[in-house]
Amino acid sequence: MTTPPNNGGSAPSEAVVQDFANMSAALMGFQASFIRPFLDPVNLSGIFYQFAVAQVGQTMMDALMSAFDALSKQTPPLTAQQIADTLLEVSSPTPSNQALLCQSIIAMWYLGSWYPPPFQKDGLQQVISSQAYTKSLAWNTAQAHPMGFSAFPFGYWSQPPGPLTDFGVNTGGGQ
Amino acid sequence: MKKIATIILLAAVAVTMVIMTPETSTMAPAADPAIVLSPKIPGDAQFGPLPPNPTNEQKLLAIQGDFDIYSWNTFIALNWPPGPDGNGDPNKTIGQNGDNDTVWEHYRNVDSVFLPGGAKPTYTGPGTVPTQCKASYKPGMKIITQVGKTPTVLTAFSQPFNTGPIIDQNGNYTRFEILVNKPMFDYILQNTLYSKAGQKVFSGAVKFPCGVLNGPEGAIMVKAAWKVIDPADKSRFHSQTVLVYSPASQNPKYPASCSTKTMGLVGLHVGHKTNSAAQWLWSTFEHVDNVPTEADVASGNLKTKYNYYDPKCAASKCPPNQTPPRPWNPTQVSAFHSQIVRMNMFKGNEFAFESAAARNADALKLLLGVSSSSVWKNYELISTMWPTNTGQCQATPGDPLGTPAPNFLANTTLETYIQGMVPNVSSNCIECHNNATMTTPVPSDFTYVLQRAQ
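Quantities reported herein were computed from a predicted structural model and do not represent experimental measurements. (Residues numbered from 1 in each chain as written. Chains lettered and ligands numbered in written order. Predicted model: local features only at pLDDT ≥ 70, side-chain atom pairs only at ≥ 80, totals over all residues.)

Draft legend 1. Spatial organisation of the overall build of chain A. The number of helices and strands found in chain A is 8 helices and 2 strands. Along its sequence from the N terminus, chain A presents helices and strands in the succession α-α-α-α-α-α-β-β-α-α. The C-alpha atoms of chain A give 17 Å as radius of gyration, which agrees with the globular expectation for 175 residues (16 Å, within 12%). Counting only C-alpha atoms and orienting by the principal axes, one finds that chain A spans roughly 50 × 45 × 30 Å. Looking at chain A alone, contacts between residues at least 24 apart form 51% of all its contacts between residues at least 6 apart. (Helix = DSSP H or I, 4+ residues; strand = E, 2+ residues; numbered from the N terminus. Rg over C-alpha atoms; globule rule 2.2 N^0.38 Å. Contact = placed C-beta atoms within 7 Å.)

Right under this line is the structure:
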């Protein structure tokens, strides 16, 4: 324990990571407090934000975050679904690059992998990290777990899975 | 969500209420948690206030600090000189005479809990003495022995997942033992979980008792790693004269044997189930001379001598963290010496390193204040693993692991070959112990010891 490890590069501010988590929660129908818990030792919000910035550039990410900020401040307040529909431009047959970036961000959270948006030149499809894979939200939505990794104790398969809300899914009060 | 944060907030409200009660209006607020020289084993961690508007990293650092303080207070209390009842003697102090007998060594060794034929165990009285040790055994003598044919748990000289032994720089195999405290023993006894037959008729879920802050301790498991030391080195180790038992083996073939050795403590794991940690708190300590870190090796910042690393042997000749070649024969001095390096398992969790370093410095100051010859100054906390998302003595639904912090934690003497940062492969105390069952296919509440029932 004598020589400290290298801490790596600088991290985005807490406010930026929280905004990214809030936007991600709206895009995916998850609870923001699940995406970015009060104590977050895994820090996927921070890791995914930095990863996306490295892929598409700070300018494009800032523009997306500004668009989300404007939507989230509207009066009367928009629902998470309305914010998602707007950012994803669901009514447009030719979504903008910003909407395509939103699609890649959704895929990143659900699958732990980066699927390059069509406009990203030389973009590489890749698994972001082992933890991004095991913590990806597709498993929660299926009330299941990834192959090779289960948080559930022995014999869980003999019981019905818990409700979707236990897995962080924002069901809007329903199940 | 029920989180540690809720506990911290409730604690703050409780403190405020105490201060506002007229009869107690002169009381000072509860002190921030601190490492203290006390024989009292903490029933749980105590939480201090968070800094204003903290970042995620600052929150984790602050609460990791509280848990690391808990770990050091536990280490001090467990290694306190015991009185006749086995509890820490308040009239003595840890390390006042250099080394001392300890409280945890009077806990019950699991080989005296899970007896042949499923016999009913007792907490006190002579433990199991293997035939080969009987001639050398004297009452009260520690015996480090094989604890049963349970290939996925620690045995006398192997490690989790049968990853192999660790052999010191003198060619001696490191030995292990596991002990349980009275509350854990009592739960096993009351529920007849000490026998296969008792486990078979047990219904419901295994739920060991949780420790309570400023109250009783919960179930505690201690795992210790020991190495043979030269008597001249006793001033640097907590040491014991021990009967070391090696069970018979067919491959390689050797008979059971027992010999008297001077053993020094090199690793100490403490698992404690508490109200704030249904997934248990996992504190892990090591001797400061065990191994260098990856960063030490890279920078050349090396000591002249380690317990498990030869600084004069280049990586090309002595590649680090290799399992010893078979056959493994703990009864003989090995030509192979383990070359172990502590891998950085805190990438992204740097708060764990920072917190442990600060708490180690605080503890060192206290221990040196007792005596400059205290052997306890030579032990360091590697970290404490704790659940960030847990309820009061029960897991949060949907998150049985409680999202542990740090994400990974290994003791180089106990999880030598599973250091790293790969989920389900690298050492994570909570994740691994969550898979534990009894001899029946029933989860055993984060302990593998129940698999030893006969």
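The rest of the description comes next.
Draft legend 2. Representation of unusual backbone geometry within the structure. Cis rather than trans, the peptide bond between Thr75 of chain A and Pro76 of chain A has omega equal to -10°. Along the chain, Pro76 of chain A falls in the loop between helix H4 (58-72) and helix H5 (80-88). Following Arg326 of chain B, the chain continues to Pro327 of chain B via a peptide bond in cis, the omega torsion being 5°. Assignment of secondary structure puts Pro327 of chain B in the loop between helix H5 (294-299) and helix H6 (350-370). Of note in this structure, Trp280 of chain B is not a glycine but carries a positive phi near 75°. Looking at the secondary structure, you find Trp280 of chain B in strand S9 (residues 277-287). What makes Trp280 of chain B buried here is the crowd of 29 C-beta atoms within 10 Å. Phi is positive for Phe446 of chain B, close to 65°, though the residue is something other than glycine. (Buried ≥ 20, exposed ≤ 12 C-beta atoms within 10 Å, placed from the backbone.)

Draft legend 3. Focus on the environment of Ile47 of chain A. Considering the arrangement of structural elements, one finds Ile47 of chain A in helix H3 (residues 44-56). Overall, the presence of 18 C-beta atoms within 10 Å leaves Ile47 of chain A in the partly exposed class.

Draft legend 4. The arrangement of the confidence of the model for chain B in detail. Residue and element names in this part refer to chain B. With 89% of its residues at a pLDDT of 70 or more, chain B has an overall mean of 90. Predicted confidence for residues 9-29 stays below pLDDT 50, and this span has 8 contacts to residues more than four positions away or in other chains. Predicted confidence for residues 146-154 stays below pLDDT 50, and this span has 23 contacts to residues more than four positions away or in other chains. Confidence estimates for the predicted assembly give a pTM of 0.92 and an ipTM of 0.91. (pLDDT = per-residue confidence, 0-100.)

Draft legend 5. Representation of H6 of chain B within the structure. Residue and element names in this part refer to chain B. When the terminal C-alpha atoms of H6 are compared, their 31 Å separation across 21 residues agrees well with the 30 Å that a helix rising 1.5 Å per residue should span. Considered for burial, the residues of H6 that qualify are Phe351, Ala352, Phe353, Ser355, Ala356, Arg359, Asn360, Ala363 and Leu367. The secondary structure elements touched by the buried residues of H6 are helix H2 (56-78) and strand S10 (379-387). (Expected span 1.5 Å × (residues − 1).)

Draft legend 6. View of H2 of chain B. With 23 residues, H2 of chain B ought to run about 33 Å at 1.5 Å a step, and its terminal C-alpha atoms sit 32 Å apart, in line with that. When you tally the buried positions in H2 of chain B, you get 19 out of 23 residues, the bulk of the element.

Draft legend 7. The interface of chain B and chain A, seen in detail. Each partner contributes to the interface: chain B provides 43 residues, whereas chain A provides 28 residues. At the level of elements, helix H1 (4-20), H2, H5 and H6 of chain B are the ones that each hand at least two residues to the side of chain B that touches chain A. When residues of the side of chain B that touches chain A are assigned to their parent elements, the largest contribution, 5 residues, is made by H6 of chain B.

Draft legend 8. Structural view of the environment of Trp157 of chain A. Residues and elements named next belong to chain A. With respect to the helices and strands, Trp157 occurs in the segment after helix H8 (137-141). What makes Trp157 exposed here is the crowd of 8 C-beta atoms within 10 Å. Separated by 13 residues in the primary sequence, Trp157 and Ala144 place their C-alpha atoms 9.7 Å from one another.

Draft legend 9. Expanded view of the nonpolar core. Formed by 103 residues in total, the largest nonpolar core has its most connected members in Leu78, Val180, Met184, Val222, Trp226, Leu281 and Leu409 of chain B. Here this core gets 10 residues from one element, more than from any other, and that element is H2 of chain B. Those residues in contact with Met184 of chain B that lie beyond four places of it in its chain are Phe208, Ala219, Ile220 and Met221 of chain B. By size, the runner-up hydrophobic cluster in this structure holds 33 residues, among which are Ile35, Phe68, Leu101 and Leu137 of chain A. (Core = buried A, V, L, I, M, F, W, Y, C linked by C-beta atoms within 7 Å.)

Draft legend 10. Highlighting the packing of helix H1 (residues 14-28) of chain A against H3 of chain A. All names here are of chain A. Viewed as axis vectors pointing N to C, H1 and H3 meet at an angle of 90°, and their least axial separation amounts to 9 Å. One finds that H1 runs roughly perpendicular with respect to H3. Facing Val16, Val17, Phe20 and Ala21 of H1, the residues of H3 in contact are Ser45, Gly46 and Tyr49. A breakdown of the residues in the contact of H1 with H3 according to their chemical character gives 5 nonpolar, 2 polar and no charged. (Axes fitted to C-alpha atoms, helices over the stretch in contact; angles between N-to-C directions. Parallel < 35°, antiparallel > 145°, perpendicular 65-115°, else oblique. Nonpolar A, V, L, I, M, F, W, Y, C, P; charged D, E, K, R; others polar.)

Draft legend 11. Looking closely at the confidence of the model for chain A. Predicted confidence across chain A gives a mean pLDDT of 91, with 93% of residues reaching 70 or more. When the criterion is pLDDT under 50, residues 2-9 of chain A qualifies, and its contacts beyond four places in sequence or with other chains add up to 17 contacts.

Draft legend 12. Molecular detail of the pairing of S10 of chain B. Residue and element names in this part refer to chain B. Within S10, 9 of the 9 residues are buried, leaving the element largely enclosed by the surrounding structure. In this structure, S9 lies alongside S10, joined through 6 bridges in antiparallel fashion. Bridged to Trp282 within S10 is Met385. Taken together, the 2 bridges between S10 and strand S11 (residues 404-405) define a ladder with antiparallel strand orientation. By the bridge assignment for S11, Pro387 is matched with Pro404. (Pairing = 2+ DSSP bridges.)

Draft legend 13. Spotlight on the packing of H2 of chain B against H6 of chain B. All names here are of chain B. Two numbers describe how H2 lies on H6: the axes approach to 9 Å, and their chain directions differ by 40°. Relative to H6, the element H2 lies oblique. Viewed along their axes, H2 and H6 form a crossing whose handedness is right-handed. On H6, the residues that touch Glu57, Leu60, Leu61, Gln64, Gly65, Asp68, Ile69 and Trp72 of H2 are Phe351, Ala352, Glu354, Ser355, Ala356, Arg359 and Ala363. Broken down by class, the residue content of the contact of H2 with H6 amounts to 8 nonpolar, 3 polar and 4 charged. (Left-handed = near helix turned anticlockwise from the far one by under 90°.)

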